[in-house]
Every structure is written in structure tokens, then in C-alpha cells.
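# Summary of structural features
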Amino acid sequence: MELLHQTLSTGATLVGYLREPAAEMPAFATRPAMLIFPGGGYAYCSKREADPVAMQFLQAGYQTFILYYHCADENPTPLQYKPLLDAAAAILYLRRNADALHLNPEKIAVCGFSAGGHLAASSAVLAHTPAVQEALGITGEEARPNAVVLGYPVITTGALGHQGSTENLCGRNAALRAEMSLENQIRPGLPPFFVWHTVTDESVPVQNSLLLANALEECDIPYELHLFAKGQHGMSTCTNEVNTPSAENSAWVPLCTRWLANVLDFRL
């Protein structure tokens, strides 16, 4: 295994765990990529939603990356477009360096949790906006992922959203709050979504995922939604390692890898 530690053009840090090609495994000289955005309310990047998640997808055969994007703990707020530019720059880096990273540039998935889920969804939904295209000097969909995985995501900036995330990202900018309320930005042609949430989430209400699913349904975007009856916010991989063990909710990992196998046509 090879370790990548890369500072992106935006100043964000990208860490990667790479499976190296081997002559004994010629069919896996290149692999899909999974890019992970930890949560943390746009205040920080949670370690519980970084390496433990990365190891799950590395085991599933993916070239796996974690983005440590701009957060309020080290930056003035509101952050505005800084995290989204970090996410787009990370996808661009993977796509433009696909050969060196032994990955398929047309099979790049993103996975985000809580506020990181908002960022992962934004990387698909808002990648076409002038703020991204002009800042990175791109056009079209070069910075958009091919699949989106969301765990208990922040979606709305309205009454049902996570107010701390909204404040850190948007401050009191009403226009930016409206743009970052993703349930109102869904449009045809987006990549497929996999979403999971617990009904009893006390920090980010389950209605966030329901609002997203309804918007995806209206625009005929493929999606899979899993709601688990019980569980706190921030469950990550739902194991002892992350201090949230749940045999029921940990099913999201195999459910997700099976979904990705079909979406990205990749099976070990």
C-alpha cells in the first residue's frame, strides 16, 4: 500500500491510501476512487469519520482518499465557498492524476457525513456554479463526482437544518444560505446518490435526508435511501472503534458497497 499526502491548490490537505498494481492482479491495475469528507459542523474535520471510514472502502478495493477541507477552527467565518472549492480541487486532482494514482477517472465517488455530507452533495449539485468554475479555471463537469454517498447529511439551511453548520458556512448571507439549501438545487442529470440516516438523530433531523430524497425523486435522479430506527448523530461506521457500536446500523457499509458495485460496475 502507498500513502499519499498532498496539499491542493486551495490549501486543503488530501490524504490517500493507494492499492498498488500487481502483475498477479492484472484486472485491478486501476480501481475506482472514494473521496471522504469527514463531518464536524464545518467547524473541524472529525477523525471518527476519516480513517475508520477510509479503511472500510480500502478493504472493499477502492483507492481511498480523505479531504481535510477548510473549517472554522482555523479560518475566519463565514467560510462561504472555501470548502466547496477544496472539494472540487480534490476531485480535479484525482481526475487529472488518475494514471499516477492508479484510478479510473470516470469512477470517482464521494462520501460525506453530517456537514461533510453537505459538502459531498454540494460537490455534485453545485460543481457547475461560477464560484467553482471561475476559481478553478474549469468548464463543464470536470470537478463533479460520479457517485455520492451521504451519512446523516446536512441538506437544508432552513429550520430543519443544522444551524451551526449554516452559520460557519454562510453567516447571515441570505443569498448564500438559499444557494446552499441543497434540496432546492437538485436538477436532472446529477449522479446517483446513496443516503442513510437514523430516525432519532438529535442533531441533524432525518427530514434533511427526506427532503433530499424527495427532490431527487422529482428530478428522476437514481438514489437509494436507508433509514434506521434508532441511533445517535455521528455514528460513522457504527463500530466499537468509533464508540457507536450498532449491529443494525453498521449494515450501511455492505449496503453501500453493493450499491457502488452496481453504480460503478466494480466488484472484487
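The coordinates are above.
So, here is what we can say about the structure in this document.

Conventions and cut-offs
- Residues numbered from 1 in each chain as written.
- Predicted model: local features only at pLDDT ≥ 70, side-chain atom pairs only at ≥ 80, totals over all residues.
- Heavy atoms only, no water.
- Helix = DSSP H or I, 4+ residues; strand = E, 2+ residues; numbered from the N terminus.
- Rg over C-alpha atoms; globule rule 2.2 N^0.38 Å.
- Buried < 20%, exposed > 50% of the residue type's maximum accessible area, 1.4 Å probe, protein only.
- Contact = heavy atoms within 4.5 Å.
- Areas by Shrake-Rupley, 256 points an atom, 1.4 Å probe, with all protein chains shown as cover.
- Lys, Arg positive; Asp, Glu negative; His and termini not counted.
- Charge placed at Lys NZ, Arg CZ, Asp CG, Glu CD.
- Phe/Tyr/Trp six-rings, centres within 6.5 Å; stacked < 30°, edge-to-face > 60°.
- Polar contact = N/O pair within 3.5 Å; in protein donor to acceptor, adjacent residues only side chain to side chain.
- Pairing = 2+ DSSP bridges.
- Axes fitted to C-alpha atoms, helices over the stretch in contact; angles between N-to-C directions.
- Left-handed = near helix turned anticlockwise from the far one by under 90°.
- Nonpolar A, V, L, I, M, F, W, Y, C, P; charged D, E, K, R; others polar.

## As for the overall build of the chain
- Across its full length, the chain holds nine helices and eight strands.
- On C-alpha atoms alone, the chain measures out to a radius of gyration of 17 Å, which is about the 18 Å that the 2.2 N^0.38 rule sets for 268 residues.
- In the chain, which comprises 268 residues, the proportion classed as buried is 57%.
- Once local pairs closer than 6 in sequence are excluded, the contacts in the chain between residues at least 24 apart make up 75%.
- With the model as given, the accessible surface of the chain reaches about 11,000 Å², and the carbon-plus-sulfur share is 51%.
- Averaging the locations of the 15 positively and 25 negatively charged side chains of the chain gives two centres separated by 1 Å.

## Description of the packing of aromatic side chains
- Under the definition given, this model contains eleven aromatic pairs.
- Residues F57 and W252 carry aromatic rings whose centres are separated by 6.5 Å and whose planes lie at 55 degrees to one another, so their mutual orientation is tilted. Of this pair, F57 sits in helix α1 (residues 51–59) while W252 sits in helix α9 (residues 252–264), and the two are 195 residues apart along the sequence. The two residues F57 and W252 agree in class, both being buried.

## Describing the environment of N249
- Counting through the fold element by element, N249 comes out in the loop between β8 (223–228) and α9.
- Apart from residues no more than four positions distant in its own chain, N249 is found in contact with T198, F228, K230, G231, M235 and C238.
- In terms of polar contacts, N249 uses its side chain to reach the backbone carbonyl oxygen of K230, at 2.8 Å.

## Side note on the pairing of strand β2 (residues 13–18)
- Across the six residues of β2, five count as buried, placing the element largely inside the fold.
- Relative to β2, strand β1 (residues 2–7) is paired through six bridges, and the arrangement is antiparallel. Each residue of the ladder has a partner; that of E2, found in β2, is L18.
- In the sheet, β2 pairs with strand β4 (residues 63–68) via five bridges, with the strands oriented antiparallel. Looking across to β4, one finds that L14 is bridged to L67.

## Some words on the side chain of D201
- Tracing the sequence through the fold places D201 in the loop between β7 (193–198) and α8 (207–218).
- Polar side-chain contacts of D201 include one of 3.4 Å to the side chain of H197.

## Regarding the sheet that holds strand β6 (residues 147–151)
- Spatial strand order, β1-β2-β4-β3-β5-β6-β7-β8: eight strands in an open sheet with mixed pairing. Since the sheet does not close on itself, it has two edges, and those belong to β1 and β8, each with one partner. Each strand of the sheet is rotated relative to its neighbour by a mean of 15 degrees, with strand direction disregarded.
- With four bridges connecting them, strand β3 (residues 31–37) and β4 associate as parallel partners. Bridge pairing in β4 links A33 to Q63.
- The sheet contacts of α1 involve β2, β3, β4 and β5 (103–113), and relative to β4 the element is tilted by about 160 degrees.

## Here we look at the environment of D201
- A relative accessible area of 8% means that D201 is categorised as buried.
- For the pair D201 and A229, spaced 28 residues apart in sequence, the C-alpha separation works out to 9.6 Å.
- A polar contact of 2.9 Å, which involves the side chain of D201, links it to the backbone nitrogen of V204.

## Side note on the packing of helix α2 (residues 82–96) against helix α4 (residues 115–125)
- Packing of α2 against α4 brings their axes to within 9 Å, and their N-to-C directions diverge by 65 degrees. Crossing angle aside, the handedness with which α2 passes α4 is right-handed. Contact residues: P83, L84, A87 and I91 in α2; L119, S122 and S123 in α4.
- Residue composition of the contact of α2 with α4, grouped by class: five nonpolar, two polar and no charged.

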